[in-house]
Amino acid sequence: MKEDQIRILKRGYKIPTPIQRKTIPIALIGRDMVAMARTGSGKTACFLIPIFEKLKIRQAKSGARALILSPTRELAVQTNKFIKELGKFTSLKSSVILGGDSMENQFSALHGNPDIIVATPGRFLHVLVEMDMNLQSIEIVVYDEADRLFEMGFGEQINEISNRLPPSRQTLLFSATLPKVLVDFTKAGLRNPLLLRLDVESKLPDQLRLCFITCRPEEKLAVLLCLLKHVVKPESQTVIFVATMHHVEYVHQILDKAGIPNTFIYSNLDHSARKINAAKFQNGKVKVLVVTDVAARGIDIPHLDNVINVNFPAKSKLFVHRVGRCARAGRSGTAYNIVSPDEYAYLLDLHLFLGRSLEIVPTVETSDVSEEAIGKLPQSMIEEELSELILWHERITDISNMQNVCNNAYQQYTRSRPAASLESNKRVKELDISNAGILPEFRNYLSPSAEMISKMKNYRPRGTIFEIVAKPSSVDYKVMKEKRAFHKNTILNHQRKIEERQSLNEKPKSEPSKLPSSSTDEINEAFSEVITPKKRRMDDLYRNEKKKMKRLMKDDEFYIPYAAPDKHTEDGLAVNSFATEAEKAQVDFVADNEDSRRLQTQIKKWDRKKKKMITINNNSKVGKIRTESGVWIPATYKTKRYSQWKEKNKIEANEYDDDEESSQMQKLQTKPNTHWARHNQKLKEKLKAKSELKTPEQVLKARELLERKRRRHGRKKGGGGGGGRGKGGKKGRH
């Protein structure tokens, strides 16, 4: 027990986080569990400490006893690194199975019988089917970031892996959210599970500060350079999130030109390059990392100070996981969000999802402005960087070409981006976000001349140029006066609406969401016990709202609201929306028979070899194999790579099983008494010795012996033939 405490203290743990305090005792007693907590709350240690405590010592011949499934390569590598650091004083061995790595190396790693396997579901199932691997020795299985596993389309692989696991296993499932698909999986795969719901209502850390900056789309890069040069401290670490991999390369080129050291990660980048670039940033060699959403979840960067969203995320849930990279484990952090007009509706969706008020910085300077209000940067700062960017695009061909590529990529991105809610789209038209004032923290950068120019821009004269310049007797003046008199009522109504809008407190009418994405009945049916944090004392605002609700004469039994109370949370946490499911199930009535209707439901896929779109029929079983559990999977999961690897390395298929059976038989059997028994025993020992894996020295020695035999054989042949010819020649001459 002292060694366990030493290794935990060496890692820097002194006081457990709330999720660790609740989950570790439950995991140690062997109970199945689903734990929900916000990102950065220390979920990795919640399952690693119980694993170390249960396995304790290495058992070389028993097979893997713990399995950890992760959604991404980076999270799996990080978990394996965490195992090596935290389990430094144990003899436990771990292996990581990832897509993109050498499968032959993974075969040899699994033949070494690791105690803990960390894997991504796709490659792990491939290795399982290829090796016909037995998982009956698994004692504990962990699904890390389980909601992300299902979002990324690993549901089929996870179900197949779960069917191969022993029924007596312990299952720990960790997730930031609880969509309905997870509740269904819990009902099928967990035994009497316990649900832990901690920090569900507070979706963002308290130490995280949000800053929303509005600008035009063409000014986004200029705002980014302003933040990196003037606002963000040079020694602080910053992650920049963009929409596509093309934007990553574009921003990387711009930052290099601006003299800001940076590195980048995206999904299509080579795996070794991803590891190198991530290591550069984590070790502090560069302070800026440009990424897509591949790094939005699960990756722990210990000293991350800032997150900058150049492209605002379309899903509120994705925003939570992006900004959750900083302000972890009690540290403070700032999330800067650059928002353009086409993203205002998503900004409103986020505030509805978080249950926060939306405040716009007024154009007139006031001290009563919250830190999370939406505003602008001084135009003088932006124009200085924008002029430099324009100059680079005119002179450097690579940057201008990359800009065109990014424009095309962003058009494709907006087509595939999910639409914002109708309520937010309507609300955006009423709000005047584009005319927001300058954020208070950036007013120090405002020069007197720029301040005067901004005031001049806000000035609106009462008359037009025809009325001010022209004489009262001129035709232009008379025409404008008549026109103004004709539209007088319309102008007055418009001005009155503007005044009313400014007088009202611009807050979205929404209540904080109190329910998870699954209904209460479903959760109660799936879990035998639900542990939630203790109820805190309600603040004055919530108490006043409750009093107002009591005053309303509304019969809750018969009242049917037009929208569910957790509508915005459901939209934010949805994995499979109704629209996507309906598209899959649609039937085209143009077809007049069953065959043509089936052809219409087939999917088109790009074939890299043929360089054209080919049709794939999901209903057919062509190119698929059936597993032991009866599920049809692609035939590519079962190839001859494992058998080829065994032949190459001289490994028998059942080497480990034979060793265990022979050792057990030796223990049970007595020494042979008769002559034939001793003879048979010697034959068995000879056969066993032949099937053993040879050491490199033995292989080298065998090769040398074989080479000697070949030389000796060749010398005999050559010597005999030469002698015959020599004798024949002598006879011929005589």
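Residues numbered from 1 in each chain as written. Predicted model: local features only at pLDDT ≥ 70, side-chain atom pairs only at ≥ 80, totals over all residues. Heavy atoms only, no water.

Novice: Sorry if this is basic, but what is going on with the overall build of the protein here?
Specialist: When you go through the protein residue by residue, the secondary structure sums to 30 helices and 19 strands. Taken over 734 residues, the protein has a buried fraction of 40%. The long-range fraction of contacts in the protein, counting pairs at least 24 apart against all pairs at least 6 apart in sequence, stands at 76%. Working note: accessible area of the protein is about 44,100 Å², and carbon and sulfur atoms make up 53% of it. (Helix = DSSP H or I, 4+ residues; strand = E, 2+ residues; numbered from the N terminus. Buried < 20%, exposed > 50% of the residue type's maximum accessible area, 1.4 Å probe, protein only. Contact = heavy atoms within 4.5 Å. Areas by Shrake-Rupley, 256 points an atom, 1.4 Å probe, with all protein chains shown as cover.)

Novice: I tried to follow the nonpolar core on my own but got confused; where do I start?
Specialist: One broad rule of soluble globular proteins: the nonpolar side chains tend to lie buried together. Ranked by size, the top nonpolar core spans 45 residues in total, and within it Leu224, Ile240, Leu255 and Ile308 carry the most contacts. Elements with a minimum of two residues in this core: strand E8 (208-214), helix H10 (220-231), helix H11 (245-257), strand E11 (288-291), strand E13 (333-339), helix H15 (379-395) and helix H16 (397-416). Sort the elements by how many residues they give to this core and H10 lands first, with eight residues. Excluding its chain neighbours within four sequence positions, the residues that come into contact with Ile240 are Leu224, Leu228, Leu255, Val288, Leu289, Val290, Val291, Ile308 and Val310. Membership of the second largest hydrophobic core comes to 44 residues, among which are Ile97, Val127, Tyr143 and Ile158. (Core = buried A, V, L, I, M, F, W, Y, C linked by side-chain atoms within 4.5 Å.)

Novice: Hey, could you run me through the confidence of the model for the protein in this one?
Specialist: As a note on interpretation, predicted positions should not be read in detail where pLDDT is low. With 71% of its residues at a pLDDT of at least 70, the protein reaches an overall mean of 76. Here residues 586-591 is a poorly scored stretch, pLDDT under 50, and it has six contacts once near neighbours within four places are set aside; other chains count. Per-residue pLDDT stays below 50 along residues 721-734; that stretch engages in zero contacts with residues further than four places along the chain or on separate chains. (pLDDT = per-residue confidence, 0-100.)

Novice: Can you walk me through the pairing of strand E6 (residues 170-175) in this structure?
Specialist: Along a regular strand, successive side chains alternate from one face of the sheet to the other. Extensive coverage of E6 is indicated by the burial of six of its six residues. When strand E5 (residues 140-143) meets E6, the two strands line up parallel, connected through four bridges. The residue of E6 that forms the bridge with Val141 is Thr171. (Pairing = 2+ DSSP bridges.)

Novice: Looking at this structure, how should I read the packing of helix H5 (residues 103-111) against helix H27 (residues 641-649)?
Specialist: Any two packed helices are characterised by how steeply their axes cross, that is the angle between the axes, and by the distance between the axes. Between H5 and H27, the least distance of the axes is 10 Å, while the angle of their chain directions is 70°. By the angle between their directions, the pair H5 and H27 is classed as roughly perpendicular. Across the interface between the two elements, Met103, Glu104, Phe107, Ser108 and His111 of H5 pack against Arg641, Tyr642 and Trp645 of H27. Residue composition of the contact of H5 with H27, grouped by class: four nonpolar, two polar and two charged. (Axes fitted to C-alpha atoms, helices over the stretch in contact; angles between N-to-C directions. Parallel < 35°, antiparallel > 145°, perpendicular 65-115°, else oblique. Nonpolar A, V, L, I, M, F, W, Y, C, P; charged D, E, K, R; others polar.)

Novice: Would you explain the packing of H11 against H16 in this entry?
Specialist: Running from N to C, H11 and H16 point in directions that differ by 150°, and their axes come no closer than 9 Å. What the angle tells us is that H11 and H16 run roughly antiparallel. Crossing geometry of H11 relative to H16 is assigned as left-handed. Contacts between H11 and H16 involve His246, His247, Glu249, Tyr250, Gln253 and Ile254 on the former and, on the latter, Asp398, Ile399, Met402, Gln403, Val405, Cys406, Ala409 and Tyr410. Along the lines of polarity and charge, the residues of the contact of H11 with H16 split into eight nonpolar, four polar and two charged. (Left-handed = near helix turned anticlockwise from the far one by under 90°.)

Novice: Sorry, what's going on with the side chain of Asp349 here?
Specialist: Mapping Asp349 onto the fold places it in helix H14 (residues 344-354). Here Ser424 takes part through its side chain, which lies 2.5 Å from a polar atom of the side chain of Asp349. Ignoring sequence-local partners within four residues, the contact set of Asp349 consists of Ser316, Ala420, Ser421 and Ser424. (Polar contact = N/O pair within 3.5 Å; in protein donor to acceptor, adjacent residues only side chain to side chain.)

Novice: Before we go on, may I ask you to explain the sheet that holds strand E12 (residues 304-309) in this structure?
Specialist: Backbone hydrogen bonds hold the strands of a sheet together, and the pairing may be parallel or antiparallel. An order of E10-E11-E9-E12-E13-E8-E14 is seen for the seven strands of this open sheet, with the pairing classed as parallel. Single-partner strands in this sheet number two, and they are strand E10 (262-265) and strand E14 (374-375). Direction of pairing for strand E9 (residues 237-241) relative to E12: parallel, over a ladder of five bridges. Note that in E12 the partner of Gln237 across the bridge is Leu304. Helix H12 (residues 271-282) contacts E9, E10, E11 and E12 of the sheet and is inclined by roughly 135° relative to E10.

Novice: Just to check I follow, could you spell out the packing of aromatic side chains for this structure?
Specialist: Two aromatic rings are characterised by how far apart their centres lie and by the angle between their planes. Counted by the stated rule, this structure contains nine aromatic pairs. Between the aromatic rings of Phe47 and Phe174, the centroid separation amounts to 5.4 Å while the plane-to-plane angle is 55°, which identifies the pairing as tilted. Highlighted residues: Phe47 in helix H3 (residues 43-55) and Phe174 in strand E6, separated in sequence by 127 residues. An aromatic cluster is built from Phe107, Tyr642 and Trp645, whose rings are joined through pairwise contacts. (Phe/Tyr/Trp six-rings, centres within 6.5 Å; stacked < 30°, edge-to-face > 60°.)

Novice: Looking at this structure, how should I read unusual backbone geometry?
Specialist: The general pattern is negative phi for most residues beyond glycine and trans for most peptide bonds. Residue Glu145 is not a glycine yet carries a positive backbone phi of 50°. Note that Glu145 resides in the loop between E5 and helix H7 (146-151). You can call Glu145 buried: its relative accessible area is 6%. Phi is positive for Asn192, close to 45°, though the residue is something other than glycine.

Novice: Explain the environment of Asn435 here, please?
Specialist: Counting through the fold element by element, Asn435 comes out in the loop between helix H17 (422-430) and helix H18 (448-458). Taking relative accessible area as the criterion, Asn435 reaches 46% and is therefore assigned partly exposed. Distance in space between the C-alpha atoms of Asn435 and Ile360 is 9.0 Å, their sequence separation being 75 residues. Excluding residues within four positions of it along the chain, Asn435 makes contact with Thr363 and Lys376.

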